[in-house]
Amino acid sequence: MKIGVRVHDFGKSDAITLAKQAKEVGFDGVQLVLNKAIEGETGLPGTLSKEKALSFQKAFKDQGLEIFMMGAYFNPVHSNKELVKTNVLKFKEHLTYLNDFDGHFVGSETGSFNDDKWTYNPLNRTKEAYQEVKRIFGDLANHAKEVNANIALEGAFGHCMHNPVFLKRLVDEIDNGHVFYTVDIYNFLDISNYQNYKEIFEEALDLFKGK
């Protein structure tokens, strides 16, 4: 088993400093969200390059750390469709350079019709929401295959893929060998089900096994 950290939890700095901090604590790897972790980085389309990815990869590799995940989380059902297009391009660019980062996955959650609040909205549980999330991430799965990279999708009670069953259905329908899961049990809980956290966690592990 390997244990990682969201490296931006150390604060925003340069890659070398963050890598040293993570190593000193004893972690094996990191989740790297460029705009939250690295000074001067936005992660927006057009700001990444092979050279930049390799320099960040070297900073963490020199400390014996892996980049477990590149965080490019975005809301695929946000009402600002231009923002969605920008974030799709950002996600694709992260996928394109993922192997230069020596990263394992590019990750996202599945969004909410509450836009930037990422909280429950009844529209999240409609057929229309499901189909839009499927359309967006289906396209990203195709790009992932083209560039030989992997996506990791994360569900949450207040989001469009609100339980393990729905997230499994989504992945089954778009998977081409390059779509995997992130499980954060806390995200699947709310006041109505938190006492069943063990059962929900076991369900997720059973449904997602191998991915």
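One structure accompanies this document, and this report is about it. (Residues numbered from 1 in each chain as written. Predicted model: local features only at pLDDT ≥ 70, side-chain atom pairs only at ≥ 80, totals over all residues. Heavy atoms only, no water.)

1. Some remarks on the pairing of strand β5 (residues 151-154)
Residues of β5 alternate between two faces, with Ile-151 and Leu-153 on one and Ala-152 and Glu-154 on the opposite face, all of them buried. The pairing of strand β4 (residues 103-109) with β5 spans four bridges and is parallel. Across the sheet, Glu-109 pairs through a bridge with Glu-154, a residue of β5. One crossover worth recording links β4 to the parallel β5 by way of helix α5 (residues 127-146), and it is right-handed. With four bridges joining them, β5 and strand β6 (residues 179-182) adopt parallel strand pairing. By the bridge assignment for β6, Ile-151 is matched with Val-179. (Buried < 20%, exposed > 50% of the residue type's maximum accessible area, 1.4 Å probe, protein only. Helix = DSSP H or I, 4+ residues; strand = E, 2+ residues; numbered from the N terminus. Pairing = 2+ DSSP bridges. Right-handed = clockwise from strand over helix to strand, strands pointing away.)

2. Notes on the sheet that holds strand β3 (residues 66-71)
Reading across from one edge, β1-β2-β3-β4-β5-β6 is the order of the six strands in this open sheet, with parallel pairing throughout. Edge strands, defined here as strands with exactly one partner in the open sheet, are β1 (4-6) and β6. Between one strand axis and the next, the sheet turns through 30° on average, direction left out of account. Against the sheet, α5 makes contact with β4, β5 and β6, and its axis sits at roughly 155° relative to β5, the strand it touches most. Strands in contact with helix α6 (residues 164-174) are β5 and β6; relative to β6, the strand with the most contacts, it is inclined by about 165°. (Axes fitted to C-alpha atoms, helices over the stretch in contact; angles between N-to-C directions. Contact = heavy atoms within 4.5 Å.)

Remember, this is a structural readout, not a statement about activity or role.
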